[in-house]
Amino acid sequence: MDHHCIWVSNCVGNNNLKAFFLCALYFVNLCAYQLFLVGVRVLTTDWEWSTRNTCIFVFCAVTAFLQIIHGFVVVPVILWQAFMIGHNVTTVEYRCCRGLARGHCFDKGSFFANFVQVFGWNPLLWLLPVHLCTCVPPVATGDAYTVSTHTPLVVQQAPATKTEGTLPVLLLKEVAHC
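Scoring rules and cut-offs
Residues numbered from 1 in each chain as written. Predicted model: local features only at pLDDT ≥ 70, side-chain atom pairs only at ≥ 80, totals over all residues. Heavy atoms only, no water. Helix = DSSP H or I, 4+ residues; strand = E, 2+ residues; numbered from the N terminus. Buried < 20%, exposed > 50% of the residue type's maximum accessible area, 1.4 Å probe, protein only. Contact = heavy atoms within 4.5 Å. Areas by Shrake-Rupley, 256 points an atom, 1.4 Å probe, with all protein chains shown as cover. Core = buried A, V, L, I, M, F, W, Y, C linked by side-chain atoms within 4.5 Å. Phe/Tyr/Trp six-rings, centres within 6.5 Å; stacked < 30°, edge-to-face > 60°. Axes fitted to C-alpha atoms, helices over the stretch in contact; angles between N-to-C directions. Parallel < 35°, antiparallel > 145°, perpendicular 65-115°, else oblique. Left-handed = near helix turned anticlockwise from the far one by under 90°. Nonpolar A, V, L, I, M, F, W, Y, C, P; charged D, E, K, R; others polar. 1 Å grid on protein atoms, 1.4 Å probe; cavity = no way out; pocket = protein on both sides within 12 Å on 5 of 7 lines; lining within 4 Å. Points joined across faces, edges and corners; volume = space filled by probe spheres on them. Patch = residues over 30% accessible without salt bridge, like charges linked within 9 Å, V, L, I, M, F, W, Y side chains within 5 Å. Salt bridge = Lys/Arg side-chain N within 4 Å of Asp/Glu carboxyl O.

**Some words on the overall build of the protein**
The helix and strand tally for the protein stands at four helices and six strands. The buried share of the protein, taken over its 178 residues, is 25%. Once local pairs closer than 6 in sequence are excluded, the contacts in the protein between residues at least 24 apart make up 44%. Summing over all exposed atoms, the protein offers an accessible surface of approximately 13,000 Å²; the carbon and sulfur share of this is 68%.

**A few points about unusual backbone geometry**
Although it is not a glycine, N88 sits at a positive phi angle of roughly 55 degrees. Its location among the elements puts N88 in the loop between helix 2 (51–87) and helix 3 (91–96).

**Considering the nonpolar core**
The biggest cluster of nonpolar side chains holds 16 residues, and the ones touching the most others in it are I78, I85 and F119. Looking at this core, the elements with two or more residues in it are helix 1 (17–44), helix 2 and helix 4 (111–119). The element contributing the most residues to this core is helix 1, with six residues. Apart from residues lying up to four places away in sequence, I85 is in contact with L17, F21, N114, F115, V118 and F119.

**Re the packing of aromatic side chains**
If you walk through the whole model with that rule in mind, you get six aromatic pairs. Ring geometry for F115 and F119: centres 4.3 Å apart, planes at 15 degrees, overall stacked. Here F119 and F115 lie together in helix 4, a separation of four residues that amounts to about one turn. Judged on exposure class, the residue F115 and its partner F119 are both buried. Among the aromatic side chains, those forming a connected cluster through ring pairs are F21, F111, F112, F115, F119 and W126.

**Quick look at the packing of helix 1 against helix 2**
Close contact between helix 1 and helix 2 brings their axes to 8 Å; oriented N to C, the two are set at 150 degrees. Compared by their axis directions, helix 1 and helix 2 come out roughly antiparallel. Where helix 1 crosses over helix 2, the two elements pack in a sense that is left-handed. In terms of residue class, the contact of helix 1 with helix 2 is made up of 21 nonpolar, five polar and two charged.

**So, the layout of surface pockets**
Size it by volume and the second largest pocket reaches roughly 330 Å³. Around the second largest pocket, the lining comprises 13 residues; the ones closest to its centre are C5, W7, F20, V74 and V77. Listed by contribution, the elements that provide at least two residues to the lining of the second largest pocket are strand 1 (3–5), helix 1 and helix 2. Element by element, the count of residues in the lining of the second largest pocket is highest for helix 1, at four residues.

**Some points on helix 4**
Every α-helix winds through 3.6 residues per turn, so residues three or four apart in the chain are directed the same way. Within the span of helix 4, buried status applies to N114, F115, V116, V118 and F119. Summarising the contacts, the buried residues of helix 4 are in contact with helix 1 and helix 2. Phi turns positive one or two residues past the end of helix 4, at G120, with a value near 95 degrees.

**Regarding a nonpolar patch on the surface**
Together, W49, F57, V58, V62, F65, L66, I69 and V73 make up a nonpolar patch on the protein surface, roughly 800 Å² of accessible area in all. You can see V62 is positioned in helix 2. For V62, a relative accessible area of 44% puts it in the partly exposed group.

Given below as structure tokens:
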């Protein structure tokens, strides 16, 4: 887990880091586009003062102010996440270890290799919020044990027994999905 984001009301981790990063990137792009549209409106409006033009001016000013504030809040989040992706660490790992130097156990050696681990090998899909199964070799989990990330455990309920009042037994079954 990287962190819990209150804005998307979900924990950001390995399976949704790309979607979170792209969501923030899309949001900043939307803010910039809206600022562009407000700028076009302000520059192309004939500003003869009337009630209608006053309302337009107030709307444009408030919209521009809000988009600038949103941009100043979200851009540092994007830069921080890009830094974390480039070093292949989570925010929790970075804060626990007071920063990590290049060459730690999760670092692939370069920004590009770490970026590809999160965004995938296909550059055509880097800006799309899709997550493809890549069937990579097992990765380290950070606790000195090698765990394959491609054989998830599925919880199944055991067949019903005739004894009442007992808790159902849960069986764990490995399922390969790649």
